[in-house]
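Structural overview for review
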Amino acid sequence: MTEIKYVSTRGNEEKLTASQAILKGIADDGGLFVPTKIPTITKKLEEYISMSYQDLAYEILSMYITDFTEEELRFCINSAYDDKFDTKDIAPLVKCGDDYFLELFHGKTLAFKDMALSILPYLLTTSAKKNNLEKEIVILTATSGDTGKAALEGFANTKGTSIVVFYPVDGVSQVQKRQMTTQEGSNTSVVGVVGNFDDTQTAVKEIFTDKQLNKEMFEKGYVFSSANSINIGRLLPQIVYYFYAYAQLVKNNTIKINEKINFTVPTGNFGNILAGHFAKKMGLPIDKLICASNENKVLYDFFETGEYNKNRQFVLTSSPSMDILISSNLERLICLYSDSNTTKKLFTQLNTEGKYTFDTKINDIIGEFVTQQETSDAICEVFNLGYVMDTHTAVAYKAYKKYLKNNNDINKNVIISTASPYKFTEDVCKAIDSKYENIDAFVLLEELAKLENKDVPSQIKEIDKKEILHTKVCEKEEMKELVKNMFVK
Ligand SMILES: *Cc1c(COP(=O)(O)O)cnc(C)c1O
């Protein structure tokens, strides 16, 4: 296997091994790590079709994390994708009408973040061992709602790590908030931030790149790392399920082997869809990736015009995990389509002016956006067909329908389903029937279960009765000081 090395998108850093890049999270120059080249699959596609999720994960990840031994990598995979997931398939493909939904919410926290965050702690601790790092790893995480809980679950009580999660105090759903504030584990901290996700993510990135603070932390025996999708260790495990979805379509005779398909991905930080782009570059027959945005449609505008402009009103929507104006992982796409000089220039400009223009046309990613009303209508429409979508999945569903209206595309399409509807009961139930308006989010858990004739998922059953353990709230300007107080004072 050829060794794959990692470099910063902004070009100012030496080449790192996979384990070093995973440990580091973000490059010193503020860029993100990318492989110097994307490996292509060496086996015939046929060979991947009947593999278990775990074996497929090994095939894909071993092409990227080339400094792990087979034993190490299999240990990480088998520890992550076990009965924490409530289905043996890990990522089942579900058909409703003519549509296919790839359900990525069967992990512990009921959102797709579990797909990568159940393996990241193992990748990180194995990387630490490999590099003889004897410091404690401090995971700093900004969350738009789902990453926080998934990272907390992944890292809680993991030896040699601590985790601090910052979430926008008014920018997450009731269930999301309760999931985080009831988190147990002596190494976990959860803090609400007065501000939106972008403010939170920007402040966290600043803490990561603060040389003085990093030095003080190091002297006290700590190093920072990231559980956000800026960490390449988050991105790589997400490539696997694109292959897995394809395999399921072949297995049930929906497509012939090598037939091209599309994916529609509800997008925020651009991590999930970027993994799809990697899968395509590796040789998976993907034609179009449809990038679905909510009313924070900065990516839609970018794919339409080439101008990325975050100077606009931030909208709080019913799909909070996509309420983002700075989609960090787009930097990796730009870098793949240009070079590190261009990337550095554009992203410096984004920092100073809040916008940039990229002239290269990206043809295989199509932007669509969906309004709040359309999202709600889509949930109701699909409920009447017998399937309950969460608000994020609904954005993707509707985006695909809008795409179809304007394009004569006969490819089969997979809608990436990123969260369980039980995480967003208020908006989901209200969309189905207005009688649910103004009813408590936790009462609606039971109501939704009744509607579906199912049980409330065990992962969040009776969550409203759990003790709240984290109540801290701070201003975004106070985040750095708070971290300092936790570790270096
Ligand atoms: C994080 C998240 C998204 C957006 O994914 P990105 O990788 O940030 O683009 C979409 N839906 C849900 C439910 C999420 O948690």
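Residues numbered from 1 in each chain as written. Predicted model: local features only at pLDDT ≥ 70, side-chain atom pairs only at ≥ 80, totals over all residues. Heavy atoms only, no water.

Before going further, it helps to examine the sheet that holds strand 5 (residues 136–142). Pairing in this open sheet of 5 strands is parallel, and the strands run 8-5-6-7-15 from one edge to the other. Every other strand in the sheet has two partners, leaving strand 8 (222–226) and strand 15 (473–475) as the edge strands with one partner each. The average angle at which neighbouring strand axes cross in this sheet is 30°, direction not considered. Both strand 5 and strand 8 contribute to a ladder of 5 bridges, which runs parallel. By the bridge assignment for strand 8, Ile137 is matched with Val223. Its contacts with the sheet put helix 6 (residues 120–130) on strand 5, strand 6 (161–168) and strand 8, and the angle it makes with strand 5 is roughly 145°. (Pairing = 2+ DSSP bridges. Helix = DSSP H or I, 4+ residues; strand = E, 2+ residues; numbered from the N terminus. Axes fitted to C-alpha atoms, helices over the stretch in contact; angles between N-to-C directions. Contact = heavy atoms within 4.5 Å.)

With that settled, consider the pairing of strand 7 (residues 188–194). The element strand 7 is extensively covered by neighbouring structure, given that 6 of its 7 residues are classed as buried. As judged from the 6 bridges shared by strand 6 and strand 7, these two strands associate in the parallel manner. In the strand pairing of strand 7, Phe166 is matched with Val191. Where the polypeptide runs from strand 6 across helix 8 (residues 174–181) and back to strand 7, its parallel neighbour, the crossover connection is right-handed. Taken together, the 3 bridges between strand 7 and strand 15 define a ladder with parallel strand orientation. Its bridge partner being in strand 15, Val194 is matched across the sheet by Glu475. (Buried < 20%, exposed > 50% of the residue type's maximum accessible area, 1.4 Å probe, protein only. Right-handed = clockwise from strand over helix to strand, strands pointing away.)

The environment of the ligand is made up of 15 residues, and the closest members are Lys113, Asp146, Gly268, Asn269 and Thr418. Residue Lys113 places a side-chain N or O atom 2.6 Å away from an oxygen atom belonging to the ligand. Within the side chain of Thr418, an N or O atom sits 2.8 Å from a nitrogen atom of the ligand. A molecule is said to occupy a pocket when more than half its atoms come within 2 Å of that pocket's grid points, and by this definition the ligand occupies the largest cavity. Across the shell around the ligand, the residue classes break down as 5 nonpolar, 8 polar and 2 charged. (Near = heavy atom within 4 Å. Polar contact = N/O pair within 3.5 Å; in protein donor to acceptor, adjacent residues only side chain to side chain. 1 Å grid on protein atoms, 1.4 Å probe; cavity = no way out; pocket = protein on both sides within 12 Å on 5 of 7 lines; lining within 4 Å. Sits in = over half its atoms within 2 Å of the grid points. Nonpolar A, V, L, I, M, F, W, Y, C, P; charged D, E, K, R; others polar.)

Two cysteines, two sulfur atoms, one covalent bond between them: this is a disulfide. The final tally for this structure, using the stated rule, is 0 disulfides. No disulfide involves Cys335; its nearest neighbouring cysteine sulfur is the one of Cys291, lying 19 Å away. Summary of cysteine pairing: Cys380 is not part of a disulfide, and the nearest cysteine sulfur, belonging to Cys429, is at 12 Å. (Disulfide = S-S within 2.5 Å.)

Running from amino to carboxyl end, helix 3 (residues 53–64) crosses helix 4 (residues 70–80) at an angle of 135°, the nearest separation of the two axes being 10 Å. The orientation of helix 3 with respect to helix 4, classified from their angle, is oblique. Between helix 3 and helix 4 lies a crossing of right-handed hand. When helix 3 is examined against helix 4, the residues Gln54, Asp55, Ala57, Tyr58, Leu61 and Ser62 are found in contact with a partner set consisting of Glu70, Leu73, Arg74, Ile77 and Asn78. The residue makeup of the contact of helix 3 with helix 4, split by class, is 5 nonpolar, 3 polar and 3 charged. (Parallel < 35°, antiparallel > 145°, perpendicular 65-115°, else oblique. Left-handed = near helix turned anticlockwise from the far one by under 90°.)

The first and last C-alpha atoms of helix 9 (residues 197–208) sit 17 Å apart over 12 residues, in line with the 16 Å expected at 1.5 Å per residue. Those residues of helix 9 that sit buried are Phe197, Asp198, Thr200, Gln201, Ala203, Val204, Ile207 and Phe208. Tucked into the core, helix 9 has its buried residues touching strand 5, strand 6, strand 7, helix 10 (211–219), strand 8 and helix 20 (479–487). At the N-terminal boundary of helix 9, the capping side chain belongs to Asn196, with an oxygen 2.9 Å from the backbone nitrogen of Asp198. (Expected span 1.5 Å × (residues − 1).)

The final tally for this structure, using the stated rule, is 20 aromatic pairs. Both rings, one in Tyr81 and one in Phe85, keep their centres 5.8 Å apart while their planes meet at 45°; by these two values the pair is tilted. There is no split in this pair, since Tyr81 and Phe85 are both buried. Lys135 extends its terminal NZ or CZ atom over the ring of Phe218, reaching a point 4.1 Å from the ring centre. (Phe/Tyr/Trp six-rings, centres within 6.5 Å; stacked < 30°, edge-to-face > 60°. Lys NZ or Arg CZ within 6 Å of the ring centre and 35° of its normal.)

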